[in-house]
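Structural characterization, general
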Amino acid sequence: MISVVIPVHNEEQSIEPLYHELAAVFAGEGLTWEVVFVDDGSTDGTFEALTRLHAANGNVRAVHFRRNFGKAAALDAGFREASGEAVVTIDGDLQDDPSEIPRLLARLDEGYDLVSGWKTNRRDPLTRRAPSKLFNAVAGKVSGVRLHDMNCGLKAYRAEVLDGMQLYGELHRYIPILAHYRGYRITEIPVNHRPREHGRSNYGVERYVRGFLDLLTVTFMGRYSHRPLHLFGGLGLGAGALGFVILLYLTIVKLTGHAIGQRPLLALGILLVVVGIQLLSLGLLSELITSHHEERMGADDRTARLADRVLR
Ligand code: UDP
Ligand code: MG
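These lines cover the structure that appears in this document, whether it is placed above or below. (Residues numbered from 1 in each chain as written. Chains lettered and ligands numbered in written order. Predicted model: local features only at pLDDT ≥ 70, side-chain atom pairs only at ≥ 80, totals over all residues. Heavy atoms only, no water.)

Once that is clear, we can look at the coordination of the magnesium ion (ligand 2). Those protein atoms acting as donors to the magnesium ion (ligand 2) are D93 (OD) and Q95 (OE1), and they sit at 2.0 to 2.1 Å. The pair formed by D93 and Q95 is uniform in burial state, with each residue classed as buried. (Donors = N, O, S within 2.8 Å, 3.2 Å for Na, K, Ca; no water. Buried < 20%, exposed > 50% of the residue type's maximum accessible area, 1.4 Å probe, protein only.)

Now for the site of ligand 1. Surveying the vicinity of ligand 1 reveals 18 residues, the closest of which are E11, D40, G92, D93 and N202. One of the side-chain nitrogen or oxygen atoms of N68 is found 3.1 Å away from an oxygen atom of ligand 1. Considered on its own, ligand 1 offers 530 Å² of accessible surface; in the complex 96% of this is hidden by protein. Classifying every residue of the shell around ligand 1 gives three nonpolar, seven polar and eight charged. (Near = heavy atom within 4 Å. Polar contact = N/O pair within 3.5 Å; in protein donor to acceptor, adjacent residues only side chain to side chain. Areas by Shrake-Rupley, 256 points an atom, 1.4 Å probe, with all protein chains shown as cover. Nonpolar A, V, L, I, M, F, W, Y, C, P; charged D, E, K, R; others polar.)

Think of a pair of aromatic rings as described by two things: how far the centres are apart, and how the planes are tilted against each other in angle. Per the counting criterion, the structure on display carries eight aromatic pairs. Ring geometry for F26 and W33: centres 4.9 Å apart, planes at 15°, overall stacked. What makes F26 buried here is its relative accessible area of 1%. Grouped by ring-pair contacts, the aromatic residues Y19, F26 and W33 constitute a single cluster. Over the face of the ring belonging to F135 we find R173, whose NZ or CZ atom lies 5.8 Å from the ring centre. (Phe/Tyr/Trp six-rings, centres within 6.5 Å; stacked < 30°, edge-to-face > 60°. Lys NZ or Arg CZ within 6 Å of the ring centre and 35° of its normal.)

This brings us to helix α9 (residues 228-255). With 28 residues, α9 extends 40 Å from end C-alpha to end C-alpha; this agrees with the ideal 40 Å at 1.5 Å per step. Of the positions making up α9, those classed as buried are P228, F232, G233, G236, A239, G240, G243, I246, L250 and V253. On its buried face, α9 sits against α8 (207-224) and α10 (264-296). Taken from the residues just after α9, G257 is the one with a positive phi, measuring 100°. (Helix = DSSP H or I, 4+ residues; strand = E, 2+ residues; numbered from the N terminus. Expected span 1.5 Å × (residues − 1). Contact = heavy atoms within 4.5 Å.)

Looking now at the nonpolar core. Within the largest apolar cluster, 33 residues are counted, with the highest numbers of intra-cluster contacts made by F79, Y157, L167, Y174 and I177. If you list the elements that add at least two residues to this core, you get β2 (33-39), α3 (71-81), α5 (126-143), α6 (159-162), α7 (175-181) and α8. Residue contributions to this core peak at five residues, all from α3. Each residue touching Y174, except ones within four places of it in the same chain, is listed here: F135, A139, G211, F212, D214, L215 and V218. Formed by 31 residues, the second largest nonpolar core is a distinct cluster that contains I2, L53, L94 and L104. (Core = buried A, V, L, I, M, F, W, Y, C linked by side-chain atoms within 4.5 Å.)

This is the structure we're talking about:
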């Protein structure tokens, strides 16, 4: 079964037509499917539209948020509600084209774990397209995951990719990076994109600032969450060693009979040693937190985090 997860914020006019487009695509493919709409605190008639759709169709589920928590939180709730072996996400504004879904699913069948859409002719204003290009370039550079369109709303996943993935803030932009660090195979395919017909875009450029901060979170967590001492300890040892060498040099200078009390280098040496010790203890502290967390995880979960196949 395929689950379609759709975050919606003030999209009342798009819900019905989107459902029918999806239904036509899945009927054409002969696939069983369900759809999970997550109403992210809409202030228009979105949830009424969802209630009507739910009453009329057995495969519709809807989650209603008390207030607007953001697209990441909406996807997170949708993923927990979804029960299919494969999960497809699509924007609720009719900009993504449901007829691309079979092509995404076909790539999953080829052995990929995550297939991302790439809006080759994006139908949004230049003020959105230009920052997005920059964003993809930077995110690709920092993370090593080279996708043209990281944040495309249209994606398909093998369900296991989403187990244990926690999305909040602007993290939905980085799902491919999160999946990559956990060892999943990722690819992208060009998809059709359509202009917005109803409602209006929820995003402005200000989100990119938060987005860049979250890129730090993602790359740090992806690389070091299980071995934080390697980062902090490495920096700490570096600073400490440099400070030690400086102080050693000043000691020799002092022993040869020169005054060192006025040397700026003295302050630098002491600073580096203190900062080095601070970083090292910060690393040990994070290591302690990580290991407590790992202890609480069951044995199977720990294996499942690393392995996709086990022969027993
Ligand atoms: N969305 C949401 N919560 C928000 C903002 C957006 O659930 O706080 C949904 C929105 O309804 C749409 C999708 O996320 O289905 C993409 O949003 P939008 O079309 O506004 O973004 P754009 O396509 O302009 O990047
Ligand atoms: Mg849109």
